[in-house]
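Structure assessment
Each chain is listed here by its residues.
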Amino acid sequence: MESTMIPMSHDWTGKEWDWPLQHEDGTVKVNNTADHFDVQLDCQFFTPKEIEVRVAGDQLVVHGRHELRSGPSGMDIAREVHRSYKLPSDVDPKSLKSNLDTSGILTISASKKK
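The numbering scheme is per chain: residues are counted from 1 as the chain's sequence reads. In keeping with the model being predicted, local features are shown solely for residues with a pLDDT of at least 70 and side-chain atom pairs are shown and tallied solely at 80 or more, while totals for entire chains, interfaces and linings include all residues. Just so you know, side-chain values use all the structure's heavy atoms and leave hydrogens and water out.

1. Brief notes about the sheet that holds strand β1 (residues 28–32)
Strand pairing in a sheet takes place through backbone hydrogen bonds and is either antiparallel or parallel in direction. A pair of strands is labelled paired if DSSP reports no fewer than 2 bridges between them. Only runs of H or I of at least four residues qualify as helices and only runs of E of at least two qualify as strands under DSSP, and these elements are numbered from the N terminus. Reading across from one edge, β1-β2-β7-β6 is the order of the 4 strands in this open sheet, with antiparallel pairing throughout. The sheet is open, and its two edges are formed by β1 and β6 (97–100), each paired on a single side. Neighbour to neighbour, the strand axes of the sheet diverge by 10° on average, direction disregarded. Where β6 lies against strand β7 (residues 105–111), 4 bridges are found, and the strand directions are antiparallel. Within β7, the residue paired with Leu100 across the bridge is Leu106. To obtain an axis, a line is fitted to C-alpha atoms, over the contacting stretch when the element is a helix, and the angle between two such axes runs from 0 to 180 degrees between their N-to-C directions.

Dropping the structure here:
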């Protein structure tokens, strides 16, 4: 089946669009102290199996993908978010840990090199 791109018009700027993980107002928190580095992200729209956390070079990469096929309205729904953060040079990448709490907050933390 061939698909054709349909142009979309709009009258808003990118600054008006809001999405979890898009900003730093409590939905995303980055803390970088002398002995610790951590990132907290609101991932409540994703299950643990839908979230991937990895290190690629000096980047901390978080990828979330959620799909719901043939929902109640008969539509397929997909939600995908990709974030990357440059790790500070004094972070020990081997100490990185991630945890998703029951509220959907993903915390990724690491110690600093000694």
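2. Describing the sheet that holds strand β3 (residues 51–56)
Spatially, 3 strands are ordered β3-β4-β5 in an open sheet, and the strand pairing comes out antiparallel. Two strands in the sheet have a free side with no partner beyond their single neighbour: β3 and β5 (77–86). Adjacent strand axes in the sheet meet at a mean angle of 15°, parallel and antiparallel pairs treated alike. Two strands pair when backbone bridges link them, and strand β4 (residues 59–68) and β5 are joined in this way by 10 bridges, in the antiparallel orientation. By the bridge assignment for β5, His63 is matched with His82.

3. Looking at the nonpolar core
In this structure, Leu41, Leu60 and Leu106 are the most contacted members of the largest nonpolar core, which totals 16 residues. Taken together, the elements giving at least two residues each to this core come down to β2 (36–42), β4, β5 and β7. Here, residues are in contact when the closest pair of their heavy atoms is within 4.5 Å. Discounting chain neighbours no more than four positions away, the residues touching Leu106 are Val39, Gln40, Leu41, Cys43, Ile51, Val53, Val62, Ser98, Asn99 and Leu100. Side-chain atoms within 4.5 Å link the members of a nonpolar core, which is a set of buried Ala, Val, Leu, Ile, Met, Phe, Trp, Tyr and Cys residues. For every residue, the accessible area (1.4 Å probe, protein chains only) is compared with the maximum for its type, and the residue is labelled buried under 20%, exposed over 50%, or partly exposed between those bounds.

4. Observations concerning the pattern of salt bridges
Just to be clear on terms, a salt bridge is a Lys or Arg side-chain nitrogen sitting within 4 Å of an Asp or Glu carboxyl oxygen. Throughout the structure, instances matching the rule amount to 5 salt bridges. In this structure, Lys112 and Asp90 form a salt bridge, with 3.2 Å as the shortest nitrogen-oxygen distance. Residue Lys112 is found in the segment after β7, and its partner Asp90 is found in the loop between β5 and β6; the two are separated by 22 residues along the sequence. Classification of Lys112 as buried rests on a relative accessible area of 9%. A relative accessible area of 33% places Asp90 in the partly exposed class.

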